[in-house]
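# Report on the structure
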Amino acid sequence: QMSNSSSITEFLLLPFADTRELQLLHFALFLGIYLAALLGNGLILTAIACDHRLHTPMYFFLLNLALLDLGCISTTVPKAMANSLWDTRTISYAGCVAQVFLFPFLMSADLFLLTVMAYDRYVAICKPLHYGSLLGSRACAQMAAAAWGSGVLNAVLHTANTFSLPLCQGNAVDQFFCEITQILKLSCTDLYLREVGLLMFSAFLGFGCFVFIMLPYVQIFRAVLRIPSEQGRHKAFSTCLPHLFVVSLFLSTGMFSYLKPPSISSPSLDLVVAVLYSVVPPVVNPLTYSMRNKEFRGAV
């Protein structure tokens, strides 16, 4: 047992497996997932940067989403892969602080950006004549900057709060990356309630984003149902439903992870939930937002 946080120089992450074979299997699985995310998001970045036909608001937001997703999966997965490969569990104190900062920053910016993208789709489908005036290049840049900026602000608050707590319950984190809720379990004061309050506030913000994502989609569905052609309706639904599915998965698992009572916490449940909200969206986002798009496939 460590007496206080000042003497902690490293943290121990949750090992995925006890046997060498399973560790290597886990390494191979994560490597496959990571390469898929790199490929999908890398394709988006390259295609949008190189093809001037894709220099529209929708693709500008997609470019930002791809950057955030790449950052997000690169914050957690490579370290877990390295630990599995070298059969260790350690992460340095600085590495842990970096994960605690980067992960909420990229996740919340990701969510704010998805909210902006829902608004973009709403204007495109329901108010096409006003599209140019409502989503000019300046407005788009401001919205993207607001998403990144609010992510930074959120992360600074959480990181400062989490690492100002005295940690006296050892240094073993029950997760494959430094997750705030798992670090709070190591604290030995009631001050952690302050961070719980912050997490509640973040969850409230997340729920707000979800509402702001749902509202435009409700309007879009109403507009789509008025489309006379079966094909037009099918196209619009097949574009919007996957978006809603990804956002719902991302938010529901994230909120569950941060707000669930400790009584239903078990390492395997926590692990599955963490993979669902931290690893799956960066891999699935490129598929749902762009690969199904004819313009984009042409550019690729």
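The present account deals with the structure reproduced in this document. All residue numbers refer to position in the chain's written sequence, counted from 1. Owing to the predicted nature of the model, reporting of local features is limited to residues with pLDDT of at least 70; listing and counting of side-chain atom pairs is limited to 80 or more, with chain, interface and lining totals taken over all residues. The side-chain values count all of the structure's non-hydrogen atoms but skip hydrogen atoms and water molecules.

In this description, the term disulfide denotes a pair of cysteine sulfurs within 2.5 Å. Following the criterion strictly, the structure yields 1 disulfide and no others. A sulfur-sulfur distance of 1.9 Å marks the disulfide that ties Cys96 to Cys178. Handedness here is read from the sign of the S-S torsion; for Cys96 and Cys178, about -115°, the answer is left-handed. Here Cys96 is found in helix 3 (residues 93–126), whereas its partner Cys178 is found in the loop between helix 5 (137–162) and helix 6 (180–184), with 82 residues between them in sequence. Residue classification places Cys96 among the buried positions, given a relative accessible area of 0%. In this description a helix means any DSSP run of H or I spanning at least four residues, a strand means any run of E spanning at least two, and both kinds are numbered starting from the N terminus. Each residue gets one of three labels from its accessible area relative to the maximum for its type: buried under 20%, exposed over 50%, partly exposed in between, using a 1.4 Å probe on protein chains only.

Turning our eyes to something else, we now look at unusual backbone geometry. A positive phi is found at Asp87, a non-glycine position, where the angle reads about 55°. Relative to the assigned elements, Asp87 resides in the loop between helix 2 (57–86) and strand 2 (90–92).

Right, let's talk about the packing of aromatic side chains for a bit. Between 30 and 60 degrees the pair is tilted, below 30 it is stacked and above 60 it is edge-to-face, where a pair is any two Phe, Tyr or Trp rings, Trp via its six-membered ring, whose centres lie within 6.5 Å. Throughout the structure, instances matching the rule amount to 10 aromatic pairs. An angle of 75° between the planes, with centres 5.6 Å apart, marks the rings of Phe30 and Phe176 as edge-to-face. On the criterion of sequence distance, the pair formed by Phe30 in helix 1 (residues 20–50) and Phe176 in the loop between helix 5 and helix 6 is long-range, its members being 146 residues apart. Aromatic pair Phe103 and Phe177: ring centres 4.8 Å apart, planes at 50°, arrangement tilted. Here Phe177 lies in the loop between helix 5 and helix 6 and Phe103 lies in helix 3, a separation of 74 residues in the sequence. Across the pair, exposure class does not vary: Phe103 and Phe177 are buried alike.

Looking now at the pattern of salt bridges. A pair can form between side chains of opposite charge whenever their charged atoms are brought close. Salt bridge criterion: a side-chain nitrogen from Lys or Arg within 4 Å of a carboxyl oxygen from Asp or Glu. Overall, the coordinates contain 3 salt bridges when judged by the stated rule. Linking Arg53 and Asp51 is a salt bridge whose minimum nitrogen-to-oxygen distance equals 2.8 Å. Since its relative accessible area comes to 55%, Arg53 is described here as exposed. Asp51 gets classed as buried once you look at its relative accessible area, which sits at 11%. For the salt bridge of Lys185 with Asp270, the shortest nitrogen-to-oxygen distance reads 3.9 Å. In this pair, Lys185 is assigned in the loop between helix 6 and helix 7 (192–225) and Asp270 in helix 9 (residues 267–278), connecting sequence segments 85 residues apart.

It is the contact of helix 8 (residues 230–259) with helix 9, at a shortest axis distance of 8 Å, that shows an interaxial angle of 145°. For the crossing formed where helix 8 meets helix 9, the hand is left-handed. Contacts from Leu249, Phe250, Thr253, Gly254, Phe256, Ser257 and Tyr258 of helix 8 reach helix 9 at Leu269, Val273, Leu276 and Tyr277. The classification used treats Ala, Val, Leu, Ile, Met, Phe, Trp, Tyr, Cys and Pro as nonpolar, Asp, Glu, Lys and Arg as charged, and all other residues, Gly among them, as polar. Of the residues assigned to the contact of helix 8 with helix 9, the class counts are 8 nonpolar, 3 polar and no charged. The convention used is that axes are lines fitted to C-alpha atoms, helices contributing only their stretch in contact, and that angles between N-to-C directions extend from 0 to 180 degrees. Should the near helix be turned anticlockwise from the far one by less than a right angle, the crossing is left-handed, and should it be turned clockwise, the crossing is right-handed. Contact criterion: two residues are considered in contact whenever any of their non-hydrogen atoms come within 4.5 Å of each other.

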